[in-house]
Each structure stands twice: as C-alpha cells, then as structure tokens.
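Secondary and tertiary structure notes
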Amino acid sequence: MRILSTVLASAAIAASFSASAQEDAIRKALAERIPQLQKIDEVSATPMQGLYEVRVGTDLFYSDAKGNYLIQGELIDTQAHRNLTEDRMNKLTAVDFNSLNLKDAIKTVKGNGSRKIAVFEDPNCGYCKRFEKDLQNVKDVTVYTFLYPILSPDSVEKSRNIWCAKDPAKEWASHMLKGTDAPAAASSCDVTALQRNMEFGRKYKITGTPTIFFADGSRVPGAIGSDDLEKRLKAVK
C-alpha cells in the first residue's frame, strides 16, 4: 500500500508539472505572437480535451495546447445544454451586493422592502420600461436603481434631470411608467454618481440595460417578468 501511495503521489506531481508546463507554453506562444495578450491572468483546462481557457481580466479566449490557434467565442456543453462561457463570465463578473455604492442609486421601497435588488437602467431603454411595469406587481422589495445612460445622446441629460430632481424616485417612476420628463437640472447639481455608475459598469461588463443584481451576487442581463423575478427573489437566501 505504501508503494502504491508513493506511485500515486508521484503521478499527481508529474501531472501538476505537466499542466504547469502546458500553461507556460500557451502563455509564451500567445505573448510572442499577440502583443495584446502579454498580460494573461489565467490559463486553465476546459472540459473539452485539448482546449484551454485563456483569461485576460474578464475577457475569455480559448487556445489549443500549443497556443497555435486562438478562438474568441462561446463554449457550449451540448449534453448538459449549458453555455460554459456564460457560466464562467457570470462568476467572473459576480458582484458582492454589499460592495455596491447604494448612495449612487435611486432607492424605492415597496411593501416592507425586505428583499433587495439593484438595477442598472437607461431612461431611454424600452426593455427597462417594460421591466418597471412588471415590477409594479412585485411586493416587499427594495429596488436600487443605478442610472446608466449608455443608449443615446440624451440619456445623459435625462439621467441628470432625474437624479437632480427633488424626488428622484418619483421622477424616475413618472418617466418610466408615464413617459413624462423631469424638469431641467440646476447646473450646480452634483452628478458624479452617474460617472461612478459608468465606471462600475465598465469594470463589471454591464453592456446592456436593464441589468439586475440580486443580494446573492447573481445577475440577470435583460428584462424579466414579475413571475421570474419572484422566483429568483425567493431563491436568494
């Protein structure tokens, strides 16, 4: 048994060295051939034999074992019906809810407000307006709306006017549900919160609105109906 344990331990060490050498070879080859990939954060094997994930920040690529070929796209597990790239991105861009700067959001409390979500939205976003309408059917939730003007030139102006209003929550609801515009903001209004929202969005790859974050750190890109929202809220412990 002692001999067997020694053999197994040696095999494990050899495999570890082999994997490390493989990763080093990929890093070296890609860095030499593609200047943009000189700072690779992580190289790891994927479930597909001979295919390796190459991570640069939150950008994902796939390479063969020698770094001769590079793929930019999505890896799909057809048996499990799962998008492995999407699963990985969700983990990489997950947000600790407690790390959100909630002072930069419009706070709306519905019912007892015991449940929490954070939503990044653009005032010109049609899907956001649909989401806001569905949200009216959800009770006992605190909604933190982060204004995220990315869709059109006047999104910034509308966001500024809503944020600077006497009652931002009221103006936001009126704009999204009734289509009314908030009064023009005073030039002295501090809108650095909007800048911080944009910086946060770039950091965490928020590329569309609405993007919803739940208290467990999970996120949903795009609008979901009130029934799906309820299910997700109940699933959060």
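You'll find the structure just up there.
Read on for an overview of the structure. Each chain carries its own residue numbering, running from 1 in the written order of its sequence. In view of the model being predicted, local features appear only for residues whose pLDDT reaches at least 70, and side-chain atom pairs are presented and counted only at 80 or more, with totals across whole chains, interfaces and linings using the full set of residues. Side-chain metrics rest on all non-hydrogen atoms present in the structure, leaving aside hydrogens and water.

1. Some words on the sheet that holds strand S1 (residues 42-45)
The sheet built from four strands is open, its strands ordered S1-S2-S3-S4 with antiparallel pairing. Only two strands of the sheet have a single neighbouring strand rather than two, namely S1 and strand S4 (70-71). The pairing of S1 with strand S2 (residues 52-56) spans four bridges and is classified as antiparallel. Across the sheet, residue Ala45 finds its bridge partner in S2, namely Tyr52. Against the sheet, helix H2 (residues 84-92) touches S1, S2 and strand S3 (59-63), its axis set at about 140° to S3. Strand pairing follows a simple DSSP-based rule, namely that at least 2 bridges must link the two strands. Secondary structure elements are taken from DSSP: a helix is a run of H or I of four residues or more, a strand is a run of E of two residues or more, and numbering for both begins at the N terminus. Between two residues, a contact is recorded if the distance between any of their heavy atoms is within 4.5 Å. Lines fitted to C-alpha atoms define the axes here, with helix axes fitted over just the stretch in contact, and angles between the N-to-C directions of these axes take values from 0 to 180 degrees.

2. Re the packing of aromatic side chains
Centre distance within 6.5 Å is the pairing criterion for rings of Phe, Tyr and Trp, where only the six-membered ring of Trp is used; planes under 30 degrees apart are then read as stacked, over 60 as edge-to-face, and the remainder as tilted. In total, this model carries six aromatic pairs according to the counting rule given. Between Phe120 and Phe146, the ring centres sit 4.7 Å apart and the planes meet at 5°, which makes this aromatic pair stacked. You can see Phe120 sitting in strand S8 (residues 115-121) and its partner Phe146 sitting in strand S9 (residues 141-147), a full 26 residues away along the chain. Phe146 carries the same exposure label as Phe120, and that label is buried. Ring geometry for Phe120 and Phe200: centres 5.5 Å apart, planes at 10°, overall stacked. Relative accessible area decides the class of each residue, using a 1.4 Å probe on protein chains only: under 20% of the type maximum gives buried, over 50% gives exposed, and in between gives partly exposed.

3. Overview of the layout of surface pockets
Detection works on a 1 Å grid of protein atoms alone, calling trapped sets that fit a 1.4 Å probe cavities and calling open sets with protein on both sides within 12 Å along at least five of seven lines pockets, with lining residues defined by an atom within 4 Å of a point. Grid points are joined across faces, edges and corners, and a volume is the space filled by probe spheres set on the points. Roughly 520 Å³ of internal volume is contained in the largest pocket. Taken together, 20 residues form the lining of the largest pocket, with Thr85, Glu86, Met89, Asn90 and Lys205 sitting closest to its centre. Contributing elements (two or more residues each) for the lining of the largest pocket: S3, H2 and strand S11 (219-221). No other element matches H2, which puts four residues into the lining of the largest pocket. Considered class by class, the residues forming the lining of the largest pocket number five nonpolar, 10 polar and five charged. Space inside the second largest pocket adds up to approximately 210 Å³. Under the scheme applied here, ten amino acids are nonpolar (Ala, Val, Leu, Ile, Met, Phe, Trp, Tyr, Cys and Pro), four are charged (Asp, Glu, Lys and Arg), and all others, including Gly, are polar.

4. Concerning the state of the cysteines
Cysteine sulfur atoms are paired as a disulfide whenever they come within 2.5 Å of each other. Per the stated rule, a full pass over the model turns up one disulfide. With a sulfur-sulfur separation of 1.8 Å, Cys164 is cross-linked through a disulfide to Cys189. On the sign convention where negative is left-handed, the bridge of Cys164 and Cys189, at about -95° about the S-S bond, is left-handed. Of the two residues, Cys164 sits in the loop between helix H4 (155-163) and helix H5 (168-178) while Cys189 sits in the loop between H5 and helix H6 (192-203), which places them 25 residues apart along the sequence. Here Cys164 falls in the partly exposed class, since its relative accessible area comes to 22%.

5. Some details on the side chain of Asn197
In this structure, Asn197 sits in helix H6. Setting aside chain neighbours within four positions, we find Asn197 in contact with Asp104, Phe120, Phe146, Leu147 and Tyr148.

6. Some details on helix H7 (residues 226-235)
Each turn of an α-helix holds 3.6 residues, which means side chains three or four residues apart point in the same direction. Listed in full, the buried residues belonging to H7 are Ser226, Leu229, Glu230 and Leu233. Looking straight down H7, one finds that the buried residues subtend no more than 100° of arc, so they occupy a single side. Set apart from the buried face of H7 by more than 90 degrees, the exposed residues are Asp227, Lys231 and Ala235. In this structure, the buried residues of H7 make contact with S8, helix H3 (126-135), S9 and strand S10 (211-214). What the arc describes is the spread of directions from the helix axis to the C-beta atoms.

Any functional reading would require information that these geometric values do not contain.
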